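# Examining the three-dimensional arrangement
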Amino acid sequence: MSTKQVLVFVEQADGCARPVAFELLGAGRILADKLGAELAAFVACAAAGDLSETLIAHGADRVYVAEHPELAAYRTLPYRRVLIDLIAAMETPPHIVLFGSTTTGRDLAPRIAAYFETGLTADCTELDIGPYEHTNSQDPSKVGLYPDCLYAIRPSFGESLKARILGPWKNPQMATVRPGVMVPLAPDAARTGTVHSVAVRLEETDLQLVVAETLRSMGEQVELQGAEVIVSGGYGLGNPEGFSLMYQLAACFENSAVGSSRKAVDAGWIAHAHQVGQTGKTVRPKLYIACGISGAIQHRVGMDKSATIVAINKDLNAPIFKFAHHGIVGDLYQVIPELIRQLKLQKTPTPDTSNVATHSL
Amino acid sequence: MNIFVLIKQVPDQGAKAGINPDGTIDRAKAKRMLNPFDRYALEAALHARRLYGGTVTAISMGPPPAIEILYEAIAHGVDQAILLSDRRLAASDTLATAYALYCTVRYAGAFDLVFCGLQTTDGDTAQVGPQLAERLQVPQITYCEKFEIDHNEIVARRVIEGGAQTVRCPLPAVVTVANSAPRLAYKTLRGARRVQQLQRDEAERSRVIRTVNLDDIGADPLRCGLKGSPTIVAATEKVGEIGGNCTLYQGKPLQQLVDDVLAAQVIAPELVKR
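Residues numbered from 1 in each chain as written. Chains lettered and ligands numbered in written order. Predicted model: local features only at pLDDT ≥ 70, side-chain atom pairs only at ≥ 80, totals over all residues. Heavy atoms only, no water.

- By the naming in an unreviewed UniProt entry, chain B goes by Electron transfer flavoprotein small subunit and is assigned to Gloeobacter morelensis MG652769.
- Within the UniProt record for chain B, the comment given under Cofactor (unreviewed entry) is "AMP".
- Recorded in UniProt for chain B, the comment headed Sequence similarities (unreviewed entry) runs: "Belongs to the ETF beta-subunit/FixA family." (UniProt positions renumbered as here; feature names shortened; annotations may be inferred.)

- The name given to chain A in an unreviewed UniProt entry is Electron transfer flavoprotein subunit alpha/FixB family protein, and the organism recorded there is Gloeobacter morelensis MG652769.

Next up, the structure:
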């Protein structure tokens, strides 16, 4: 098997792929097509069930499945072992391997990269394929023209710069990708692919770490990444009570969540789980309403892919008005109650379908 | 217990001095500080010593001024420190950094625990801890916010998406500490006095803070610095000012203003709850 491959690590829980896996497949599909390569998915689990078909429907040409009771929940060392064994057994290593920048991806990817002594770029927000000519003569062995490099692009220096990181000298070229940034493909049941079972060979030392307990949805679950509408509050709310207004506005929408900027989280007005931006979540809802948020770069990188951005701010000079699509200049404590009132008035028993048809997102 | 803690000196991004007009860091001018994430790792190391005894060794890689953060660690109660400083380390990426730190840990001797900050504020990769664990061939616990040690085994709570996980594994292990872990306490009076003494007494200083280079730790220079780094920063681009296309609604009576916004279908009707 010498076909060029882009390999995606699939995160799963109880046999269900996590959303980031579909995002990686969407991004991986684009890279694979540019490279003329095959898109492969790797999943480790206790029992894959129909997961392979789901991954193929989302863009995979090939699915490697490692099934073993010890692989039920993610643990560094067993997962490390099967993935290393899979890659090492290939005639040619994958051209690219992608992981999500999740607690799992960031735990596993560095170990795989260190094992293969290859490059790994963290927390990418854009990926592309392109040529690169290395002319630096400090290391003559690296000089040359490389046609098919992974362009791993990530924010740096407090997100004021985008850095393009390359490592074309050795395959696989690896990256972790920030969740919520890449676009998954619409699943297509007609898509075809092959499923390959991976031999699982675990050693005693791989099993020395034991997961005693896993608690998900501790406290409040904030579904920012699945929401179509996000109402976000910033420091401009002036006080923690301002978030009750955010919840009231969010309640006007069908599928909504409340977000926040870092300053509001740091002030202790709302939990970190709501934070959008560099050290919070990356979101791309259909509608993002930023209330009292100045629009610092750290916040912007988390939300500027939203289809429509509406900013409500008193300060006409706030940077958010530079990249929002619509700006309402005014006191949010006056504007939002009026907005809520009129949205509620708009309610009609029969929705105006002509609006739906003409509005493009 | 033989406890190591890895710390790094980073540019202070809060300080305006040292930021070039294009947004890059002028490392010569930038104010420097202890990586904020490493404060949690230091606290974890000191906490482990408080409960289980032993010594804490702080390890840092960086240019000579990085000794400042080793003094800071000593003021907080760290027993001794090692500074790996060598020009051949310039432009190390995470793989090369993890290799150099691995050689330093090996030089420093047997260990039960290596604590690392979750990530640094200048690189933001969170990769060096796991890469070090891979080189050391030991288990790792990342995103750790709480731990205890019982019969040569660490039991730790780690943060995961939307929750937490309790794991246990035998020592030795590498632990990266989340910023939801306990904060670093104040410097101790004893620690501050110790630093004063070290600054006066050169012989004592070189005994407590060892400065080493690649040859001292037996590292292969070809695996360090630019030569040992499989990745390079090929290009940087200032995040562009988007703009000018924002439709503004202002200067009208409130009711009419909101009316205009809704009439313009700024908010897609199908998103509104019926």
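Anyway, onward from the coordinates.
## Considering the state of the cysteines
- The full count for this structure, using the stated rule, is zero disulfides over all chains.
- Unpaired in terms of disulfides, Cys 246 of chain B finds its nearest cysteine sulfur in Cys 291 of chain A, a separation of 14 Å.
- Here Cys 246 of chain B falls in the buried class, since its relative accessible area comes to 14%. (Disulfide = S-S within 2.5 Å. Buried < 20%, exposed > 50% of the residue type's maximum accessible area, 1.4 Å probe, protein only.)

## Describing the confidence of the model for chain A
- The predicted model of chain A averages 90 in pLDDT, with 92% of residues at 70 or higher.
- Low pLDDT, under 50, characterises residues 349-361 of chain A; the predicted model gives this stretch nine contacts beyond four residues in sequence or across chains. (pLDDT = per-residue confidence, 0-100. Contact = heavy atoms within 4.5 Å.)

## Some points on the interface of chain A and chain B
- Opposite the 89 residues of chain A that make contact, chain B presents 80 residues.
- Counting the surface lost from both chain A and chain B, the interface buries some 7,600 Å², and carbon and sulfur atoms represent 56% of this.
- Counting the contacts that link chain A with chain B gives five salt bridges.
- With its nearest N and O atoms 2.8 Å apart, the salt bridge here joins Glu 134 of chain B to Arg 111 of chain A.
- At the boundary of chain A and chain B, one finds 35 residue pairs in polar contact (both at pLDDT 80 or more).
- At eight residues, the largest contribution of residues to the side of chain A that touches chain B is made by helix α9 (residues 332-346) of chain A.
- Per-class residue counts for the side of chain A that touches chain B are 40 nonpolar, 27 polar and 22 charged.
- By the bridge criterion, three bridges tie strand β18 (residues 326-329) of chain A to strand β13 (residues 247-249) of chain B in an arrangement that is parallel. Each residue of the ladder has a partner; that of His 326 of chain A, found in β13 of chain B, is Thr 247 of chain B. (Buried area = accessible area lost by both parts, 1.4 Å probe. Salt bridge = Lys/Arg side-chain N within 4 Å of Asp/Glu carboxyl O. Polar contact = N/O pair within 3.5 Å; in protein donor to acceptor, adjacent residues only side chain to side chain. Helix = DSSP H or I, 4+ residues; strand = E, 2+ residues; numbered from the N terminus. Nonpolar A, V, L, I, M, F, W, Y, C, P; charged D, E, K, R; others polar. Pairing = 2+ DSSP bridges.)

## Comments concerning the sheet that holds strand β16 (residues 287-291) of chain A
- The strand order across the open sheet formed by six strands is β15(A)-β14(A)-β16(A)-β17(A)-β18(A)-β13(B), and the pairing between neighbours is parallel. Edge positions in the open sheet fall to β15 (256-260) of chain A together with β13 of chain B, since each of these has one partner strand only. Direction aside, the axes of adjacent strands within the sheet are offset by 20° on average.
- With respect to the sheet, helix α5 (residues 242-250) of chain A is in contact with β14 (229-233), β15 and β16 of chain A, its orientation differing from that of β15 of chain A by roughly 150°. (Axes fitted to C-alpha atoms, helices over the stretch in contact; angles between N-to-C directions.)

## Comments concerning the pattern of salt bridges
All names here are of chain A.
- Per the stated rule, a full pass over the model turns up 32 salt bridges over all chains.
- Taking the shortest distance from any N to any O, the salt bridge between Arg 29 and Asp 33 comes out at 2.9 Å. One end of the pair is Arg 29 and the other is Asp 33, both in helix α1 (residues 19-35) and four residues apart, which spans about a single turn.
- Arg 29 gets classed as buried once you look at its relative accessible area, which sits at 13%.
- In this structure, Arg 81 engages Asp 206 in a salt bridge whose closest nitrogen and oxygen atoms are separated by 2.7 Å. With a gap of 125 residues between them, Arg 81 in helix α3 (residues 76-89) and Asp 206 in the loop between β12 (194-197) and β13 (210-216) connect regions that are remote in the sequence. Comparing Arg 81 with Asp 206, the two get one shared label, buried.

## With respect to the sheet that holds strand β1 (residues 5-10) of chain A
All names here are of chain A.
- With parallel pairing, the seven strands of this open sheet are ordered in space as β7-β11-β6-β1-β4-β5-β12. Each of the sheet's edge strands pairs with one partner strand only, and the pair in question is β7 (120-124) and β12. Ignoring strand direction, the axes of neighbouring strands in this sheet form an average angle of 20°.
- When β1 meets strand β6 (residues 96-100), the two strands line up parallel, connected through three bridges. Residue pairing for β6: Val 6 is matched across the bridge by Ile 96.
- Packed onto the sheet, α1 meets β1, β4 (38-45), β6 and β11 (173-177) and runs at close to 180° relative to β1.

## Re the pairing of β18 of chain A
Residues and elements named next belong to chain A.
- Residues His 326 and Ile 328 line one face of β18 and the alternating positions Gly 327 and Val 329 line the opposite face, and both faces are buried.
- As judged from the four bridges shared by strand β17 (residues 308-313) and β18, these two strands associate in the parallel manner. What sits directly across from Val 310, in β18, is His 326.

## Brief notes about unusual backbone geometry
- With an omega of 0°, the peptide bond running from Asn 171 of chain A to Pro 172 of chain A counts as cis.
- Put simply, Leu 171 of chain B and Pro 172 of chain B share a cis peptide bond, and its omega is 0°.
- Tracing the chain through its elements places Pro 172 of chain B in the loop between β9 (163-170) and β10 (173-177).
- Even without glycine at this site, Ala 91 of chain B takes up a positive phi of about 70°.
- Relative to the helices and strands, Ala 91 of chain B resides in the loop between β5 (80-84) and α3 (94-108).
- Ala 91 of chain B sits in the exposed class, given a relative accessible area of 52%.

## Some thoughts on helix α1 (residues 36-52) of chain B
Residue and element names in this part refer to chain B.
- For α1, spanning 17 residues, the distance from its first C-alpha to its last is 25 Å, which sits close to the expected 24 Å at 1.5 Å a residue.
- Residues of α1 that are buried: Phe 37, Asp 38, Tyr 40, Ala 41, Leu 42, Glu 43, Ala 44, Ala 45, Leu 46 and Ala 48.
- Gly 53 occupies a position one or two residues after α1 and carries a positive phi of about 75°. (Expected span 1.5 Å × (residues − 1).)

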